[in-house]
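Examination of the molecular architecture
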Amino acid sequence: SRPRLFGVVPRERLFALLADNRGRPLVWISGPPGAGKTALTASYLENRGLPTVWYQIDPGDADPATLFHYLALAAEALGTTGSTSLPKFVPEHLSDLPSFARLFFRALFAQLPARLILVLDNFQEAPEDALLHGILRQAVAQVPPDSSVIAISRVEAPPGFVQLAASGVMINVGWEKLQLTIDEVRAIAAKRNVTDDWLLKALHQQSQGWAAGITLMLERL
């Protein structure tokens, strides 16, 4: 399930960007720690009321069996009535992992609700040589219309995803888009009863739009 949110200011300009790209198979959101990636994604999904599978990546997902196992559990909890069981991963499938991944994600999306968003959070935790990268490319190819995969990472998409971007299958939402505008800083500050516009402009300039920095400085105030 997606993270619980407390006091998050809706970022309408980025909500509009994500809404315009809903149905694009892969949205890659990247930026430094504290840039507001997770808060943006979770608040957008909550605001739009979209069904979600939120998966936290960790180093254990270098083993494909772990990924497929927990995605199957998520599908079981969220799947539609009468859905069929998903293919079971066994070590023999490593010999042709792309074929199994295509079969698995085709069945996964078929039994999940329409307009579903599959979020893969902390994607930077996957080792650079992890099989997860290839699995994700196969998953993207099976995404139905009106659904998407959102990958959240502290780093940009791996080189192997360049072709997806070039063909329009993937869109990048990077640090330059995640940086807070002065209006967003004003909205965050208003929740803390800070309204001195000269001060807020100074904080915005000093933080360079870094969400965590703004939050910490407002807490100090």
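Above this text you will find the structure in question.
Residues numbered from 1 in each chain as written. Predicted model: local features only at pLDDT ≥ 70, side-chain atom pairs only at ≥ 80, totals over all residues. Heavy atoms only, no water.

What to know about the overall build of the protein
Of regular secondary structure, the protein possesses ten helices and five strands. In summary, the protein has a C-alpha radius of gyration of 19 Å against a globular reference of 17 Å for 221 residues, a match within 12%. Each principal axis of the C-alpha distribution contributes one length, and for the protein these read about 65 × 35 × 30 Å. Expressed as a percentage of the 221 residues in the protein, the buried residues total 42%. Excluding contacts between residues fewer than 6 apart, the proportion of contacts in the protein whose partners are at least 24 apart in sequence is 77%. In the structure as shown, the protein presents an accessible area of about 11,300 Å², 53% of it carried by carbon and sulfur atoms. Averaged over its 20 positive side-chain charges, the protein has a centre that lies 6 Å from the centre of its 21 negative ones. (Helix = DSSP H or I, 4+ residues; strand = E, 2+ residues; numbered from the N terminus. Rg over C-alpha atoms; globule rule 2.2 N^0.38 Å. Buried < 20%, exposed > 50% of the residue type's maximum accessible area, 1.4 Å probe, protein only. Contact = heavy atoms within 4.5 Å. Areas by Shrake-Rupley, 256 points an atom, 1.4 Å probe, with all protein chains shown as cover. Lys, Arg positive; Asp, Glu negative; His and termini not counted. Charge placed at Lys NZ, Arg CZ, Asp CG, Glu CD.)

Describing the nonpolar core
Core analysis: the largest hydrophobic core is formed by 37 residues, its most contacted members being Leu26, Phe68, Phe105 and Leu118. When contributions to this core are tallied by element, the ones reaching two or more residues are strand 1 (26–30), strand 2 (52–56), helix 3 (64–78), helix 4 (97–111), strand 3 (117–121), helix 5 (132–141) and strand 4 (148–153). Counting residues per element, this core draws most heavily on helix 4, at seven residues. With near-sequence residues (within four places) excluded, leucine 26 lies in contact with Val140, Val149, Ala151, Phe161, Leu164, Val169, Met170 and Ile171. Leu14, Val27, Tyr44 and Leu45 belong to the second largest nonpolar core, which has 19 residues in total. (Core = buried A, V, L, I, M, F, W, Y, C linked by side-chain atoms within 4.5 Å.)

Describing the environment of isoleucine 57
Mapped onto the elements of the fold, isoleucine 57 is located in the loop between strand 2 and helix 3. The buried category is assigned to isoleucine 57, whose relative accessible area is 3%. Sequence spacing of isoleucine 57 and proline 32 is 25 residues, and the spatial spacing of their C-alpha atoms is 17 Å. Apart from the residues lying within four places of it in its own chain, the contact partners of isoleucine 57 are Leu120, Asp121, Asn122, Phe123, Glu125, Ala126 and Leu132.

Comments concerning the packing of aromatic side chains
Taken as a whole, this structure holds eleven aromatic pairs when the rule is applied. On the basis of an interplanar angle of 80° and a centroid distance of 4.9 Å, the ring pair of phenylalanine 68 and phenylalanine 100 is categorised as edge-to-face. Of the two residues, phenylalanine 68 is situated in helix 3 and phenylalanine 100 in helix 4; the sequence distance between them amounts to 32 residues. Taken individually, phenylalanine 68 and phenylalanine 100 each receive the classification buried, so the pair is uniform in this respect. (Phe/Tyr/Trp six-rings, centres within 6.5 Å; stacked < 30°, edge-to-face > 60°.)

What about the sheet that holds strand 5 (residues 170–173)?
With parallel pairing, five strands are arranged side by side in an open sheet as 2-3-4-1-5. Here the strands that pair on one side only, and so sit at the sheet edges, are strand 2 and strand 5. Direction aside, neighbouring strands of the sheet carry axes that sit 15° apart on average. When strand 2 meets strand 3, the two strands line up parallel, connected through five bridges. Counted as the bridge partner of tyrosine 55 is leucine 120 from strand 3. (Pairing = 2+ DSSP bridges. Axes fitted to C-alpha atoms, helices over the stretch in contact; angles between N-to-C directions.)

Some thoughts on the pairing of strand 3
Each regular strand carries side chains that alternate between the two faces of the sheet. For strand 3, the tally of buried residues reaches five of five residues, placing the bulk of the element in the interior. Burial along strand 3 is two-sided: Ile117, Val119 and Asp121 facing one way and Leu118 and Leu120 facing the other are all buried. Two elements, strand 3 and strand 4, share four bridges in a ladder whose sense is parallel. Residue pairing across strands places leucine 118 opposite valine 149, the latter belonging to strand 4. A crossover links strand 3 with its parallel partner strand 4, the connecting element being helix 5, and its sense is right-handed. (Right-handed = clockwise from strand over helix to strand, strands pointing away.)

Structural notes on the side chain of glutamine 142
Of note, glutamine 142 is situated in the loop between helix 5 and strand 4. There is a polar contact of 3.2 Å between the side chain of glutamine 142 and the side chain of arginine 106. (Polar contact = N/O pair within 3.5 Å; in protein donor to acceptor, adjacent residues only side chain to side chain.)

Description of the packing of helix 3 against helix 4
Closest axis-to-axis distance for the helix 3/helix 4 pair is 11 Å, and the angle between their directions is 15°. The angle between helix 3 and helix 4 places the two elements in the roughly parallel class. Where helix 3 crosses over helix 4, the handedness of that crossing is left-handed. Taking contact as the criterion, the partners of Pro64, Phe68, Leu71, Ala72 and Ala75 in helix 3 are, on helix 4, Leu97, Phe100, Ala101, Phe104, Phe105, Leu108 and Gln111. Split into classes, the residues belonging to the contact of helix 3 with helix 4 amount to eleven nonpolar, one polar and no charged. (Parallel < 35°, antiparallel > 145°, perpendicular 65-115°, else oblique. Left-handed = near helix turned anticlockwise from the far one by under 90°. Nonpolar A, V, L, I, M, F, W, Y, C, P; charged D, E, K, R; others polar.)

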